[in-house]
There are 2 protein chains.
Amino acid sequence: MQSFTEENYLKIIYHLSLNNEGNVQTNAIAERMQTKAASVTDMIKKLADKQLIDYKKYQGVKLTESGRSLAINIVRKHRLWEVFLVEKLHFKWDEVHDIAEELEHINSPELIERLDEFLSFPKNDPHGDPIPDKNGKFDTATFIKLSKLKKEETGIIMGVSDHSSSFLKHLEKLGLTLGKPLKIIDVIDFDGSVELLLETKKLNVSREVAKHVLIKTSIDNPAS
Amino acid sequence: MQSFTEENYLKIIYHLSLNNEGNVQTNAIAERMQTKAASVTDMIKKLADKQLIDYKKYQGVKLTESGRSLAINIVRKHRLWEVFLVEKLHFKWDEVHDIAEELEHINSPELIERLDEFLSFPKNDPHGDPIPDKNGKFDTATFIKLSKLKKEETGIIMGVSDHSSSFLKHLEKLGLTLGKPLKIIDVIDFDGSVELLLETKKLNVSREVAKHVLIKTSIDNPAS
DNA sequence: CTAAAAGTTTAGACAAATCTAAAAAAATAA
DNA sequence: TTATTTTTTTAGATTTGTCTAAACTTTTAG
Ligand SMILES: [Mn+2]
Ligand SMILES: [Mn+2]
Ligand SMILES: [Mn+2]
Ligand SMILES: [Mn+2]
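Keep in mind that this is a model prediction, so the values were computed, not measured.

Caption draft 1: Focus on the coordination of the manganese ion (ligand 4). Residues and elements named next belong to chain B. Taken together, the protein donors to the manganese ion (ligand 4) comprise Glu 82 (OE), Asp 125 (OD) and His 127 (ND1), at separations of 2.1 to 2.3 Å. Mapped onto the sequence, the residues coordinating the manganese ion (ligand 4) show the spacing E-x42-D-x1-H. A relative accessible area of 0% means that His 127 is categorised as buried.

Written out as structure tokens, the structure reads:
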């Protein structure tokens, strides 16, 4: 069994390893954990002793199979609880992350299986992120950033890559919520902002926002 | 804010103070916490520093108003989660206590208010225990032990005073579940066991079991 | 290819919660 | 009321997770 702290380290290492290939660096972990590099080194050794990560001094770390499996299970719990909070308790999508940070550490496989069933086995959380099933399998479909779309292209909003309350509230106000279809009217050279048609409404979105909105384009859908 | 451990101490002190009048003793806490008296003394000092309990050396402890209020809030959370687990996730009444022991420490007043509403503001948990409202108020109706009933008396099962899985499973098997009406046929002198009519079924219940089944008698219902 | 900068680890310390063993106080019994 | 038992507290140690400061490695720049 792992402590809450160990679980948080595993989860953060997992998330960091999705972005960059290769090993996860001490400083990157320290920043995400809001702690000091020296503390990370201490914990890294402990996790390596437990065979949850592979670690060679100065070379960063990588999850082992069992470490990865534990991390994915924490992510599964986090996202299922977020669905519960939004679908059943009617929280808004910008209010659930912090509560799920606590709930994800509740340790009862039976509870999570029943919660999954109660929620009708959701495939995605309120931010569009995929929910691993009990065997740790999940959709790996990666979506394209709104900021990468070109003039005339169309797509559907499938997720966000920033979960902060301020960002999500802003999206909500703009009407940029999951499932909405949109079409690029123009990309402004000057500041990289995007003019788009959201359903029937025309609006301008800053490049900063566009970078964190994830789109499934309607074009690349070959018969596969 | 208190640690999980501090919360558990407060809750145990609260429960112990319901049974005995006067102050709660160090050893009693140690037994319930499954720890040593020396550890209890350490924690007691800490809680006294935080003004959550009144403490004089060798005299035992008593919750202050703010300590009591915190303890009741933990009990509220515990019992609401138990209702959720039984009503929504279809756990059995003997399966929920341990999971609720973890969930009771989740810290989000908003979550608990919404959960309360989602459950339609239940008054009692799956074991018949009263659920404090958000102001800490709750029914203090105390029920009589089945073992105290006399021949011919009738009543309804309102709760249990032992929450162990083995006891609850046994009750389930006997059909002694919340809300069931019963009538005492006879009390056996020899072993103190109770013969009773449960709805239409006749059965014999040991004194040990009868001591932990709580009854609302149909008789004492004066116009008050 | 060296020197500076960036990143990482070690050494030593600290706070929280626990423990064992021993001392001290209170309760009980003779 | 004194002696014995029970209960509680203290002293000192341990474990977990953290920190600062200093040392060490690796990377980057010139
Ligand atoms: Mn989240
Ligand atoms: Mn999410
Ligand atoms: Mn319980
Ligand atoms: Mn209960």
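Caption draft 2: Inspection of unusual backbone geometry at higher detail. Residues and elements named next belong to chain A. In this model, Ser 120 sits at a positive phi of 65°, which is unusual for a non-glycine residue. Structurally, Ser 120 can be placed in the loop between helix H6 (109-118) and strand S3 (144-145). Given the relative accessible area of 57%, Ser 120 is considered exposed. Unlike most non-glycine residues, Phe 121 shows phi in positive territory, near 50°. Mapped onto the elements of the fold, Phe 121 is located in the loop between H6 and S3. You can call Phe 121 exposed: its relative accessible area is 52%.

Caption draft 3: Structural detail: the nonpolar core. The biggest cluster of nonpolar side chains holds 37 residues, and the ones touching the most others in it are Trp 81 and Phe 84 of chain A together with Phe 84 of chain B. Those elements that provide at least two residues to this core are helix H4 (65-88), helix H5 (97-103) and H6 of chain A together with helix H4 (65-87), helix H5 (97-103) and helix H6 (109-118) of chain B. Broken down by element, this core gets its largest block of residues, six residues, from H4 of chain B. Apart from the residues within four sequence positions on either side, Phe 84 of chain A is in contact with Leu 89, Leu 115, Phe 118 and Leu 119 of chain A together with Phe 84, Leu 115 and Phe 118 of chain B.

Analysis parameters
Residues numbered from 1 in each chain as written. Chains lettered and ligands numbered in written order. Predicted model: local features only at pLDDT ≥ 70, side-chain atom pairs only at ≥ 80, totals over all residues. Heavy atoms only, no water. Donors = N, O, S within 2.8 Å, 3.2 Å for Na, K, Ca; no water. Buried < 20%, exposed > 50% of the residue type's maximum accessible area, 1.4 Å probe, protein only. Helix = DSSP H or I, 4+ residues; strand = E, 2+ residues; numbered from the N terminus. Core = buried A, V, L, I, M, F, W, Y, C linked by side-chain atoms within 4.5 Å. Contact = heavy atoms within 4.5 Å.

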